[in-house]
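Fold and contact review
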Amino acid sequence: MKKRSRLMVCLVAGVLILAVSATAAFGSVNGYAKYKTALKALALEEDNFTAAGTLTVKMDGKEVMKVKADYAMAAPDYALYTTATQNGQTFTDYTGSVGGVYTWYHGGDTYCQYDQDEGQKNLLGFDAGDEMQRRLITFMELATDTVVGDLKNNFVEVGSQDGSTLYQVNIANSQVPSLVNAGLSLFACALAEDQTAVSTVRYEDYDANTFAYYEKTTGETLSEEFKTGYIHGGDDAWHEANEAQLDKFYDVISEDWESEYWQVLEQKDSGVVYVHTDGSYDYYATMQDFAKAHPSGDISDDLYYYVGKDMVLDNVACTFGVDQSGKLTSNQIDVTFTTTDLEGGHHQLVISGDLQVSDYGSTVVEQPDLTGRTKVN
């Protein structure tokens, strides 16, 4: 089970952007300008570089998640490897496009691959010719500058390393702009409402559940070839060869086969029903309880568990390096929050990031190693 929520990822990014903004100093225009310019260029302009990053999440001193990512770009080619570890479970992903061929896999021993006309222009896929995107960037930049304008701390140049000038800045809770903590509080409140009023059915493996339902209903056993092709989409030849089977399969699963799980929620008024591949299920009263029992490996999925119902920014410690060309070479940041859970208890949430950027202009993106994997489309 692994769900990607683009909206939640954007919200997480927004929280961290606000926190990072709190490290910038109005009184040190040069330091702030260098940082902002370097970050903006890396995200929107640079088209050839290598980056390695680690994101760690700790709750009350205990590491609850660690994500490692390795990214290489030589536009239009790019490759992203990620490994996430959460509560003893590890999740691996690869996505990339090399030589006009897009490849994707998530754990397991299979992969998907198809031709792709366009690769990546830059890290965020920003199109300078898109008026809406340009206006969005302008708005975000001005909004960040507005927050920064109220701060009094200064960047401190702490030395140099490997040809880069290092800067450091720290900010305490008393120096955090009210706008930042008000936004965080609103964010936490929205998440709390989502987890207390939730009424949803989650599946250990949705496709496996549909296969089990079909086989139980019809008495037929689906072939592994059919299951694999169905899960991964299959090519035109597969669809043509399995047209009759697909029609029958859709007819069966189009029936209200999930009704028994929703009936449980109607009886309980709210909560989460988690369905195992054999059709049995567990009930959880809140999303927080569900997240504890079934961590997804994706912080964007489980953030409501760590945030609780309120949060404030306590401290930000940031160190970054910029080379002589103004390019970002490193960035370490620790962001500490105090959160309030649904029962009123307080917790310390620390999100730490470590980014290293190198090989500007000389990166070559290699083909992924698919040894031992089987193509499924």
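This structure is a prediction, so every number in the text was calculated from the model and none was measured.

Comments concerning a negative patch on the surface
- Taken together, the side chains of D235, D236, E240, E243, D247, D251 and E255 make up a negatively charged region of the molecular surface.
- Of all the elements in the fold, those that place two or more residues in the negative patch are α7 (236-241) and α8 (243-253).
- Locating D251 in the fold gives a position in helix α8.
- A relative accessible area of 54% places D251 in the exposed class.

Observations regarding the pairing of strand β12 (residues 310-322)
- As defined by bridge partners, strand β8 (residues 164-172) adjoins β12 across eight bridges and the pair is classed as antiparallel. The partner of N170 across the bridge, within β12, is A317.
- As judged from the 12 bridges shared by β12 and strand β13 (residues 328-340), these two strands associate in the antiparallel manner. Residue pairing in the sheet places L313 in a bridge with F337 of β13.
- In this antiparallel pair of consecutive strands, β12 and β13, the connection spans five residues, and G326 shows a positive phi of 85 degrees.

Some details on the packing of aromatic side chains
- Enumeration over the complete set of coordinates arrives at 24 aromatic pairs.
- Aromatic pair Y94 and Y105: ring centres 5.6 Å apart, planes at 25 degrees, arrangement stacked. Here the residue Y94 occupies a position in strand β4 (residues 89-98), and Y105 occupies one in strand β5 (residues 101-106), the gap between them amounting to 11 residues. Both residues of the pair, Y94 and Y105, count as buried.
- Linked through ring pairs, F211, Y214, F226, Y230, W238, F249 and Y250 together constitute an aromatic cluster.
- Seen from the ring of Y360, K327 lies directly overhead, with NZ or CZ sitting 5.2 Å from the centre.
- It is R373 that lies over the ring of Y105; its NZ or CZ is 3.6 Å from the centre.

Re the environment of F320
- Structurally, F320 can be placed in strand β12.
- For the pair F320 and Q356, spaced 36 residues apart in sequence, the C-alpha to C-alpha distance is 9.6 Å.

Comments concerning the confidence of the model for the chain
- Of all residues in the chain, 85% have pLDDT values of 70 or greater, and the mean over the chain is 83.
- Summarising per-element confidence for the chain, the mean pLDDT is lowest in helix α1 (residues 6-21) (48) and highest in strand β1 (residues 48-59) (95).
- Confidence drops under pLDDT 50 across residues 1-12; counting only partners more than four residues distant or on other chains, this segment forms 25 contacts.

A short note on the sheet that holds strand β9 (residues 199-203)
- An order of β9-β10-β11 is seen for the three strands of this open sheet, with the pairing classed as mixed. Here the strands that pair on one side only, and so sit at the sheet edges, are β9 and β11 (281-284). When strand polarity is set aside, the average angle formed by the axes of neighbouring strands in this sheet is 20 degrees.
- As paired strands, β9 and strand β10 (residues 271-275) are joined by five bridges and run parallel to one another. Directly across from Y203, in β10, lies its bridge partner V275.
- Relative to the sheet, helix α9 (residues 259-268) contacts β9, β10 and β11, its axis offset from that of β9 by approximately 145 degrees.

Focus on the nonpolar core
- With 40 residues, the main nonpolar core has F49, M311, L313, F320, L328, F337 and L349 as its most contacted residues.
- No other element matches the six residues that β12 contributes to this core.
- In this structure, F211, F226, Y230 and V273 belong to the second largest nonpolar core, which totals 18 residues.

Some remarks on unusual backbone geometry
- Following A75, the chain continues to P76 via a peptide bond in cis, the omega torsion being 10 degrees.
- Its place among the elements puts P76 in the loop between β2 (62-74) and β3 (77-86).

Concerning the environment of D354
- Mapped onto the fold, D354 is located in strand β14 (residues 346-358).
- Given the relative accessible area of 34%, D354 is considered partly exposed.
- Along the backbone, D354 and T54 are 300 residues apart, and their C-alpha atoms lie at a distance of 5.2 Å.
- The residues touching D354, leaving out its near neighbours within four places in the chain, are A52, G53, T54, N331 and Q332.
- Within polar-contact distance, the side chain of D354 engages the side chain of Q332 at 3.2 Å.
- Polar contacts involving the side chain of D354 include one to the side chain of Q356, which spans 3.1 Å.

A short note on the side chain of S97
- Summarising the element assignment, S97 is placed in strand β4.
- A distance of 2.8 Å separates the side chain of S97 from the side chain of Q116, its partner in a polar contact.

Some points on the pattern of salt bridges
- Under the definition given, this model contains seven salt bridges.
- The salt bridge involving E131 is made with R135; its shortest N-O contact spans 2.9 Å. Taken together, the positions of E131 and R135, both in helix α3 (residues 131-148) and four residues apart, correspond to about one turn of that helix.
- Look at R135 and you get exposed, because its relative accessible area is 57%.
- With a shortest N-O distance of 3.7 Å, E224 and K227 are connected by a salt bridge. Pair noted here: E224 and K227 are both in helix α6 (residues 224-232), with a separation of three residues, about one helical turn.

Quick notes on the rules
- Residues numbered from 1 in each chain as written.
- Predicted model: local features only at pLDDT ≥ 70, side-chain atom pairs only at ≥ 80, totals over all residues.
- Heavy atoms only, no water.
- Patch = residues over 30% accessible without salt bridge, like charges linked within 9 Å, V, L, I, M, F, W, Y side chains within 5 Å.
- Areas by Shrake-Rupley, 256 points an atom, 1.4 Å probe, with all protein chains shown as cover.
- Salt bridge = Lys/Arg side-chain N within 4 Å of Asp/Glu carboxyl O.
- Lys, Arg positive; Asp, Glu negative; His and termini not counted.
- Charge placed at Lys NZ, Arg CZ, Asp CG, Glu CD.
- Helix = DSSP H or I, 4+ residues; strand = E, 2+ residues; numbered from the N terminus.
- Buried < 20%, exposed > 50% of the residue type's maximum accessible area, 1.4 Å probe, protein only.
- Pairing = 2+ DSSP bridges.
- Phe/Tyr/Trp six-rings, centres within 6.5 Å; stacked < 30°, edge-to-face > 60°.
- Lys NZ or Arg CZ within 6 Å of the ring centre and 35° of its normal.
- pLDDT = per-residue confidence, 0-100.
- Contact = heavy atoms within 4.5 Å.
- Axes fitted to C-alpha atoms, helices over the stretch in contact; angles between N-to-C directions.
- Core = buried A, V, L, I, M, F, W, Y, C linked by side-chain atoms within 4.5 Å.
- Polar contact = N/O pair within 3.5 Å; in protein donor to acceptor, adjacent residues only side chain to side chain.

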